[in-house]
Amino acid sequence: MSLSSLPSRPLRMRDAAAFFLPLIFMAQLMMVSHTVIHAWLARGSLPIEALAAFSIAFALNGLFSSAFRPLHQIALSFVTDRASLRRVWSFGISLAVCNTAFILLVAYTRLGDWIYGGMLGAGPVVVRDARAASVLFAFIFPLQCTRNVAAGMLMVHRHTTLISVGTFIRLLSLFALLAALSGRLHGASLGSASLVGCILVEMSFMLIFAVPFYRRLPSAAGPLPGYGEIWRFSWPLIANAMLENGLVVLINVFVGRLDHPDRNLAAFGVARGLLMLMMSPLRNLAQTAQALTHRREDLGSMLRFTWIAIGGFMALILVLFYTPLRDVVLGRVMGLAPALQREVTAAVLLFVI
């Protein structure tokens, strides 16, 4: 089944909602994973150091993981048969191998001391914990690549509900892994091991449901896209995603040079996790538009739906952070100590902008 065989009637608001709403839950469940880890680490021993180490290790990991974010769009654009799907996956895996090699260098060489300590300004305890977490983060890239290609396959066939279910299973497995590994690991290593493990579970679920669709594809329906063609399409998307996450690393560079660098790094990590939780669903408007907008009149419906989605999330931010619920979210739910809660409060009030 290819995009050309999908229904071509004019786009209706309910069509956009049916496609987009499962992706909202997918994005929310995906990003709440990081907030769950923050809340768990905030209740452990040395919470400031653990949160700071997880924050900077995840920021560096996120910079390189962003290379896999466009794989949904790449699959939507290039997958027409089994051969083209394998080509898209192998393209992603080649990126994963490079990323894994670099993060292992960070974990096992003085490069890690320079990045986490010299460039980001973390203290010795935080640097040591961040390097340990990087050992585990290094193996997340092939999992993300395979998961995103499988998710792209499900998007092609408009089975976005399965993507949300897979992400929900990921969240459940995260709680189980945090509880099971707490006696063996601590600090940022506990967070990174649990995150990698739950992504492995999510990827396995996606594959179970994507493989039948893969088998229904023809073996070869047309010319196989070349790696150069895929690269020319994807590099602006990859560059955009990496530059966006590069801003996070850059902010950490400046935050780590303020007074109390470890506390500031921890606070920024928590605030960014909450921001990702609030804003990440809107990223999926790109996939929604790409999958559903086929004619000029579809664009008007898509734009109206976009403004409704933006207004809804602005209202949610106002309710959560501009009312007494803010203290409940940061204190009781996140488990932040008063000093750290004060640091985060100023940031969450900016989310609505």
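The structure presented is a predicted model; accordingly, all values stated were derived computationally and were not measured.

**Quick word on the packing of helix H5 (residues 110–119) against helix H6 (residues 124–137)**
Two elements in contact, H5 and H6, have axes whose closest approach is 9 Å; the angle formed by their N-to-C orientations is 125 degrees. Between H5 and H6, the angle falls in the class oblique. Here the hand of the crossing between H5 and H6 comes out right-handed. Along the contact surface, H5 presents Gly112, Asp113, Tyr116 and Gly117, while H6 presents Val127, Ala130, Arg131 and Ser134. The residue makeup of the contact of H5 with H6, split by class, is three nonpolar, three polar and two charged.

**Observations regarding empty space enclosed by the protein**
Overall, the coordinates contain three cavities of 30 Å³ or more when judged by the stated rule. Roughly 90 Å³ of internal volume is contained in the largest cavity. Around the largest cavity sit 13 residues that line it, and His38, Ser55, Phe58, Gly269 and Arg272 are the ones nearest its centre. Of all elements in the fold, only helix H1 (13–42), helix H2 (47–65), helix H10 (227–255) and helix H11 (261–283) reach the threshold of two or more residues within the lining of the largest cavity. For the lining of the largest cavity, the element with the highest residue contribution is H11, accounting for five residues.

**What about the packing of aromatic side chains?**
Across all of its chains, the model carries nine aromatic pairs by this definition. Their ring planes at 35 degrees and their centres at 6.1 Å tell us that Phe68 and Phe141 sit as a pair that is tilted. Highlighted residues: Phe68 in the loop between H2 and helix H3 (71–78) and Phe141 in helix H7 (residues 141–156), separated in sequence by 73 residues. Phe141 shares its class with Phe68; the two are buried. Among the aromatic side chains, those forming a connected cluster through ring pairs are Phe54, Phe58 and Phe137.

**Section: the confidence of the model for the chain**
Interpretation of this model should avoid reading the predicted coordinates in detail wherever pLDDT is low. The pLDDT averaged across the chain works out to 85; a share of 90% of its residues lies at or above 70. Averaged pLDDT values for the elements of the chain fall to 71 in helix H12 (residues 285–292) and rise to 95 in H6. Contacts of residues 1–6 to residues separated by more than four positions or lying in other chains number eight contacts, the stretch itself having pLDDT below 50.

**Quick look at helix H13 (residues 296–321)**
Its 26 residues give H13 an end-to-end C-alpha distance of 39 Å, which sits within 8% of 38 Å, the value for a rise of 1.5 Å per residue. Listing the buried residues of H13 in full gives Asp298, Ser301, Met302, Phe305, Thr306, Ala309, Phe313, Ile317 and Phe321.

**Notes on the pattern of salt bridges**
Inspection of every chain in the model, using the stated rule, returns four salt bridges. Glu202 is paired through a salt bridge with Arg147; the nearest N and O atoms lie 3.1 Å apart. Placement of the pair is Glu202 in helix H9 (residues 187–216) and Arg147 in helix H7, with a sequence separation of 55 residues. You can call Glu202 buried: its relative accessible area is 1%. Owing to a relative accessible area of 6%, Arg147 belongs among the buried residues under this scheme. Arg170 is the salt-bridge partner of Glu202, the closest N and O atoms lying 3.3 Å from each other.

**A word on the layout of surface pockets**
Where empty space is left becomes clear once a probe the size of a water molecule has been rolled over the atoms. Considering only enclosed or pocket space, the largest pocket measures out at about 1200 Å³ in volume. Forming the walls of the largest pocket are 44 residues, and the residues nearest its centre are Met31, Arg69, Glu244, Asn245 and Arg283. Mapped by element, the contributors of at least two residues to the lining of the largest pocket are H1, H2, H3, H7, H10, H11 and H12. Here the residues of the lining of the largest pocket are counted per class, giving 24 nonpolar, 14 polar and six charged. Considering only enclosed or pocket space, the second largest pocket measures out at about 290 Å³ in volume.

**A few points about the state of the cysteines**
Counted under the stated rule, the structure contains zero disulfides. Unpaired in this structure, Cys198 has its nearest cysteine sulfur neighbour in Cys145, at a distance of 17 Å.

**Remarks on the side chain of Asn252**
When you line up the elements, Asn252 lands in helix H10. Excluding residues that lie within four positions of it along the chain, Asn252 makes contacts with Ser55, Ile56, Ala59, Leu120, Leu265 and Phe268.

**Quick look at the environment of Ile56**
As for its placement among the helices and strands, Ile56 is situated in helix H2. Among residues more than four places away in sequence, those in contact with Ile56 are Tyr116, Leu120, Ala122, Val126, Ala130, Asn252 and Leu265.

**Comments concerning the environment of Ala309**
Structurally, Ala309 can be placed in helix H13. Sequence spacing of Ala309 and Leu282 is 27 residues, and the spatial spacing of their C-alpha atoms is 7.5 Å.

**Some words on H7**
With 16 residues, H7 extends 23 Å from end C-alpha to end C-alpha; this agrees with the ideal 22 Å at 1.5 Å per step. Burial analysis of H7 places 15 of its 16 residues in the buried class, the great majority of the element.

Rules of the game
Residues numbered from 1 in each chain as written. Predicted model: local features only at pLDDT ≥ 70, side-chain atom pairs only at ≥ 80, totals over all residues. Heavy atoms only, no water. Axes fitted to C-alpha atoms, helices over the stretch in contact; angles between N-to-C directions. Helix = DSSP H or I, 4+ residues; strand = E, 2+ residues; numbered from the N terminus. Parallel < 35°, antiparallel > 145°, perpendicular 65-115°, else oblique. Left-handed = near helix turned anticlockwise from the far one by under 90°. Contact = heavy atoms within 4.5 Å. Nonpolar A, V, L, I, M, F, W, Y, C, P; charged D, E, K, R; others polar. 1 Å grid on protein atoms, 1.4 Å probe; cavity = no way out; pocket = protein on both sides within 12 Å on 5 of 7 lines; lining within 4 Å. Points joined across faces, edges and corners; volume = space filled by probe spheres on them. Phe/Tyr/Trp six-rings, centres within 6.5 Å; stacked < 30°, edge-to-face > 60°. Buried < 20%, exposed > 50% of the residue type's maximum accessible area, 1.4 Å probe, protein only. pLDDT = per-residue confidence, 0-100. Expected span 1.5 Å × (residues − 1). Salt bridge = Lys/Arg side-chain N within 4 Å of Asp/Glu carboxyl O. Disulfide = S-S within 2.5 Å.

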